[in-house]
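# Examining the three-dimensional arrangement
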Amino acid sequence: MEQNTAPYREHNRTSLTKEKLKQGFLDNLYFIQGKFPTLASRNDYYLALAYTIRDRMLHRWISTATNYYESGARTVCYLSAEFLMGPHLGNNLVNMGIFGMVKEVVEELGLNFEELLAQEEEPGLGNGGLGRLAACFIDSLATLEIPALGYGIRYEFGIFEQTIVDGWQMEKTDKWLRNGNPWEVPRPEWAQEVRLGGHTEQYTDENGRLRVRWVPAKIVLGIPYDTPILGYRTNTANTLRLWKSEAPESFDFEVFNRGDYYGAVDQKVTSENISKVLYPNDEQLSGKQLRLEQQYFFVSCSLRDMLRVLAIQNIPLSRFHEKFAVQLNDTHPAIAVAELMRLLLDEYLVDWDDAWEITQRTFAYTNHTLLPEALEQWPLPLFASVLPRHLEIIFEINSRFLDEVRIKFLGDEARLARLSLINEGGERYVRMAHLACVGSHAINGVAELHSELLKQDVLKDFYELWPEKFRNKTNGVTPRRWMILSNPSLASLVSDRIGNGWVRDLEQLRQLEPMADDADFRKEWWDVKRANKVAFAQYIFKRTGILVDPESMFDFQVKRIHEYKRQHLNVLHIISLYRRLKENPNLEVPPRTFLFGGKAAPGYHTAKRMIKLITSVGEVINRDPDIRDRIKVVFVPNFNVTTGQKIYPAADLSEQISTAGKEASGTGNMKFSMNGALTIGTLDGANVEIREEVGAENFFLFGLTADEVYALRASGYHPYDYYNTNPHLKDVIDLLRGGSFSRGDADLFRGLTDGLLHHDPYLLFADFQSYVDCQEEVSRAYLDRDHWTRMSILNAVRSGKFSSDRSIRQYCEDIWKAEPVPITLLGQNEEPT
Ligand code: GPU
């Protein structure tokens with residue numbers, strides 16, 4: 001059927017005039033929500049507005065799909081178990097360039113625009129940095145007009161909602177879909193079948209060749225739900241395709257369940273379980289069968305989806321790797337290596353060597369951590385029971401791989417054992433990072449230091465084998481969400497001076513460097529920060545009942561709660577400062593508000609106790625009449641994308657204090673710096689590069705380097721000696737041990753303090769004095785407002801490197817070999833009818 005697309009360009013539902021927007025909004029309220037303003041709820045208004053904007057995205061989306069279909073261009077597929085998108089409405093308005101106009105329209109209708117934006121439940125389909133990176137990357141891919149899809153899982157429940165009760169974290173389920181999701185379109189016609197469990201059999205095909213057949217124990221359906229992802233002021237609208245699991249209708253329940261109705265319903269329930277909930281562990285493997293099933297489920301659906309596209313574009317299978325560049329976001333999707341091999345070998349009957357070449361040329365792998373406990377391994381029996389055919393294929397990949405190693409490193413048996421895809425020391429495991437390395441043509445870390453440490457440590461043997469595969473791609477974040485949307489006053493201050501080219505080319509911010517010496521500009525800059533702090537103080541009061549002074553320094557540590565990130569080091573400094581202020585009330589330190597935010601994995605007991613530690617110390621300090629006007633401690637509940645958007649613009653100081661060598665990159669560090677916060681940090685992850693960019697004189701550095709950490713451990717680390725020889729540290733620990741912050745309960749933090757005194761695996765004691773000294777420097781610096789503001793400006797305007805546009809450009813050039821495909825809107829050259 002031929003369709004004239006021209007009318008859709010200036011349709012009632014697509015036009016961008018204020019009148020048409022208003023009409024569209026009221027129409028959607030009536031025809032979609034079935035409401036009239038008299039009875040409409042805030043959610044009705046939000047949905048009507050969301051649909052009004054979605055209507056205006058569809059022409060770009062449809063045009064983009066059509067352009068890609070016709071061009072047959074190389075497509076980037078970003079495979080990720082997490083996409084931490086944050087709310088869509090505001091971001092879509094920014095990217096379409098209609099934020100201001102729509103705000104006016106909504107207000108002219110007598111509605112509160114901020115309230116409607118706040119009505120959107122954020123899709124929290126990720127734990128932290130890794131999932132948020134995926135979200136920034138798909139924003140940049142669309143902005144750079146690269147044909148791309150994000151593939152993942154449509155979890156029914158995303159990351160839990162955190163509340164704080166009596167100082168402890170409580171978890172509530174995240175029912176983000178309860179009010180409907182206007183941004184997604186289900187595509188049931190593109191459903192895929194996924195097999196699980198069962199066994200394999202050998203058979204002889206028509207040509208007399210021995211082949212393997214996988215007889216699964218169950219089949220589940222994957223239904224794709226598509227969300228359009230707009231580029232910033234381009235015609236491009238790419239797709240985030242998330243898979244939901246369902247029971248297949250074609251499945252013959254009578255035969256399989258012998259007419260057992262309840263059994264059939266049971267089967268439906270277990271099928272739906274696969275995409276039910278996001279595992280809330282960050283950098284900690286869960287080892288659960290369901291988690292492996294989730295990984296395989298979305299990977300299999302996604303690869304089959306690529307094969308579907310290949311077929312409709314009439315591209316031969318042998319060119320799969322020319323059509324698709326598939327990025328593995330950590331090892332969560334690493335099973336893709338074995339699955340593509342299986343599809344090619346068993347379902348498309350490709351020879352091993354050809355299949356292997358296609359596979360290796362298709363995949364590239366990003367590693368996101370050096371923590372050994374995060375490296376995924378699956379016990380062999382579990383793996384065999386879920387994916388029996390894949391295990392056979394992995395054995396074959398391994399045997400061919402080890403033959404190659406043997407030739408290169410003759411006689412080096414220890415090396416073979418270290419490199420093997422199977423961990424044979426005791427209980428046997430499949431090593432997913434090894435599978436990813438072997439099956440990929442490129443392997444990258446996410447900051448320079450991290451990429452170096454990968455080569456020296458975690459992936460050393462692979463580096464020695466294939467040095468040419470290794471790269472670095474330093475992370476970045478999108479300035480659209482993290483500057484324009486979250487900090488509009490700062491963005492317009494910047495655009496007033498240098499226009500808005502910086503939004504697509506963040507290095508242009510450097511044009512503002514001279515303004516750091518301009519007193520008027522500094523005043524404006526300070527006023528913007530001050531207004532953001534006032535707004536945040538109001539938010540804090542509403543959420544926690546704590547009054548904070550916007551004049552005080554806002555000192556933030558927001559990120560997942562983890563021992564390696566050392567929120568408790570921050571607390572040790574707070575206690576030491578508290579103690580000094582009590583002893584010497586004349587101490588000249590600027591008022592400071594210490595703010596924390598972040599979730600602890602529900603099963604990570606030490607992390608949960610670190611939250612209790614923060615809130616307990618806060619309770620004492622915030623109530624102490626001598627001190628409470630000088631320092632305060634606040635735990636901001638439920639840190640997520642939405643609260644992050646309020647936090648970064650309000651920050652004076654950013655705490656990036658992980659043990660050197662442990663934080664792969666960090667991305668919050670970049671968001672803070674872009675919004676004019678100064679960093680106190682170790683030489684870890686991307687901190688190193690931030691310091692290089694903004695200048696050492698505008699960065700508060702402390703602590704051991706990664707090499708020093710390594711050397712100290714090697715020479716024998718004795719935390720107790722630091723306690724014995726540093727009276728300040730001793731004071732702090734003794735206060736904690738004596739129950740001063742736990743209403744006399746000496747047991748509450750005993751586990752934490754004993755752990756530090758006797759083990760201290762993250763070297764808090766070794767870095768304590770250096771940290772405290774550095775904090776004194778921070779305090780002195782804040783007293784000089786002019787100088788501080790100068791440093792703040794220089795931090796923001798020198799953060800251009802940390803745009804995710806830069807990261808994505810480098811991935812495109814160096815790994816994906818993908819090029820922009822500018823989109824012409826359909827009907828552009830046709831006459832409207
Ligand atoms: N990261 Br592995 C996560 O957020 N979750 C994970 O499971 C793993 C890594 C983070 C790193 O901790 C952080 O340093 C990095 O900036 C981020 O991934 C994105 O690369």
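Residues numbered from 1 in each chain as written. Predicted model: local features only at pLDDT ≥ 70, side-chain atom pairs only at ≥ 80, totals over all residues. Heavy atoms only, no water.

## Structural notes on empty space enclosed by the protein
All told, the structure shown has 9 cavities of 30 Å³ or more when counted by the stated rule. The computed volume of the largest cavity comes to approximately 120 Å³. Contributing to the lining of the largest cavity are Met85, His88, Asn91, Asn92, Asn95, Arg132, Ala135, Asp139, Ile229, Leu230, Thr478 and Arg481. Counting residues per element, the ones that place at least two in the lining of the largest cavity are helix H3 (89-96), helix H6 (129-143) and strand S11 (218-230). Broken down by class, the residue content of the lining of the largest cavity amounts to 4 nonpolar, 5 polar and 3 charged. (1 Å grid on protein atoms, 1.4 Å probe; cavity = no way out; pocket = protein on both sides within 12 Å on 5 of 7 lines; lining within 4 Å. Points joined across faces, edges and corners; volume = space filled by probe spheres on them. Helix = DSSP H or I, 4+ residues; strand = E, 2+ residues; numbered from the N terminus. Nonpolar A, V, L, I, M, F, W, Y, C, P; charged D, E, K, R; others polar.)

## Description of the site of the ligand
Neighbouring the ligand are 16 residues; Glu283, His368, Asn475, Glu663 and Gly666 lie closest to it. In this structure, an oxygen atom belonging to the ligand sits 2.6 Å away from a side-chain N or O atom of histidine 368. Contact distances for the ligand include 3.0 Å between an oxygen atom and a backbone N or O atom of serine 665. Along the lines of polarity and charge, the residues of the shell around the ligand split into 5 nonpolar, 7 polar and 4 charged. Both domains that meet at the shell around the ligand, namely domain 1 (72-84 + 143-475) and domain 2 (479-504 + 513-802), each give it at least three residues. (Near = heavy atom within 4 Å. Polar contact = N/O pair within 3.5 Å; in protein donor to acceptor, adjacent residues only side chain to side chain. Domains from an automatic or database assignment.)

## Focus on H3
The element H3 is extensively covered by neighbouring structure, given that 8 of its 8 residues are classed as buried. Those residues of H3 not exposed but buried are Leu89, Gly90, Asn91, Asn92, Leu93, Val94, Asn95 and Met96. Where H3 is buried, its residues touch helix H2 (42-71), helix H4 (99-108), helix H5 (113-119), H6, S11 and helix H19 (479-485). Following H3 by one or two positions, glycine 97 adopts a phi angle in the positive range, close to 75°. (Buried < 20%, exposed > 50% of the residue type's maximum accessible area, 1.4 Å probe, protein only. Contact = heavy atoms within 4.5 Å.)

## What to know about the environment of glutamate 563
Turning to its location among the elements, glutamate 563 is positioned in the loop between strand S20 (553-558) and helix H22 (567-583). Not counting the four nearest positions on each side in its chain, glutamate 563 is found in contact with His568, Tyr604, Thr606, Met610 and Tyr762.

## Quick notes on the sheet that holds strand S16 (residues 422-423)
One open sheet accounts for 3 strands, arranged S15-S17-S16; its pairing is antiparallel. On the outer flanks of this sheet lie strand S15 (377-379) and S16, each paired with one strand and no other. The sheet contacts of helix H16 (residues 432-439) involve S15 and strand S17 (429-431), and relative to S17 the element is tilted by about 40°. (Pairing = 2+ DSSP bridges. Axes fitted to C-alpha atoms, helices over the stretch in contact; angles between N-to-C directions.)

## Points about the domain arrangement of the protein chain
One can read the domain layout of the protein chain as domain 1 (72-84 + 143-475) and domain 2 (479-504 + 513-802). Put simply, the middle of domain 1 and the middle of domain 2, counted by C-alpha atoms, are 36 Å apart. At the interface, 32 residues of domain 1 touch 42 residues of domain 2. Both faces combined, the contact of domain 1 with domain 2 buries some 3,000 Å², and carbon together with sulfur accounts for 57% of it. Of all residues in domain 1, the largest losses of buried area upon contact with domain 2 belong to Gln162, Trp168 and Tyr232, amounting jointly to 22% of the total for that side. At the surface where domain 1 touches domain 2, the tally comes to 2 salt bridges. Two residues, lysine 801 and glutamate 448, come together in a salt bridge whose shortest N-O distance is 3.9 Å. If you look at where domain 1 meets domain 2, you find 15 residue pairs in polar contact (both at pLDDT 80 or more). Listing elements by their share of the side of domain 1 that touches domain 2, those giving two or more residues are strand S5 (161-165), strand S6 (168-172) and helix H17 (448-456). Sorting elements by how many residues they give to the side of domain 1 that touches domain 2 places H17 first, with 4 residues. Of the residues that constitute the side of domain 1 that touches domain 2, the class distribution is 13 nonpolar, 11 polar and 8 charged. (Buried area = accessible area lost by both parts, 1.4 Å probe. Salt bridge = Lys/Arg side-chain N within 4 Å of Asp/Glu carboxyl O.)

## Quick notes on the packing of aromatic side chains
Counted by the stated rule, this structure contains 27 aromatic pairs. Residues phenylalanine 137 and tyrosine 811 carry aromatic rings whose centres are separated by 5.5 Å and whose planes lie at 65° to one another, so their mutual orientation is edge-to-face. Of this pair, phenylalanine 137 sits in helix H6 while tyrosine 811 sits in helix H33 (residues 804-816), and the two are 674 residues apart along the sequence. Exposure class is identical for phenylalanine 137 and tyrosine 811. Each is buried. Between the aromatic rings of tyrosine 717 and tyrosine 722, the centroid separation amounts to 5.7 Å while the plane-to-plane angle is 55°, which identifies the pairing as tilted. Given a relative accessible area of 27%, tyrosine 722 falls into the partly exposed group. Three or more aromatic residues link up through ring pairs in this structure, and these residues are Trp482, Phe536, Tyr539, Phe554, Phe556, Tyr648 and Phe672. Over the ring of tyrosine 203 we find arginine 213, and its NZ or CZ is 4.3 Å from the ring centre. (Phe/Tyr/Trp six-rings, centres within 6.5 Å; stacked < 30°, edge-to-face > 60°. Lys NZ or Arg CZ within 6 Å of the ring centre and 35° of its normal.)

## Comments concerning unusual backbone geometry
Within the chain, glutamate 145 stands out as a residue other than glycine whose phi angle is a positive 60°. Looking at where glutamate 145 falls in the secondary structure, it is placed in the loop between H6 and strand S4 (148-153). Positive phi outside glycine occurs at aspartate 166, with the angle close to 55°. Inspection of the secondary structure puts aspartate 166 in the loop between S5 and S6.

## Comments concerning the sheet that holds strand S23 (residues 653-656)
With respect to topology, 6 strands assemble into an open sheet ordered S22-S21-S20-S23-S24-S25, the strand pairing being parallel. Looking at the sheet topology across the chains shown, the edges are occupied by strand S22 (631-636) and strand S25 (700-701). Taken together, the 4 bridges between S23 and strand S24 (residues 678-681) define a ladder with parallel strand orientation. Across the sheet, the residue bridging to serine 654 is threonine 679, located in S24. Where helix H21 (residues 519-544) meets the sheet, it contacts S20, strand S21 (592-597) and S22, and its direction lies at approximately 70° from that of S22. Helix-sheet contacts for helix H32 (residues 785-797) involve S23, S24 and S25, and the interaxial angle to S24 is about 85°.

## Structural notes on the pattern of salt bridges
All chains considered together, the criterion is met by 69 salt bridges. Between arginine 400 and glutamate 396 there is a salt bridge, with the nearest N and O atoms lying 2.7 Å from each other. Here arginine 400 pairs with glutamate 396, and both are found in helix H14 (residues 388-408), just 4 residues apart, close to one helical turn. Taken together, the salt bridges that share partners define one network made up of Asp412, Arg415, Arg418, Lys460, Asp461 and Glu464.

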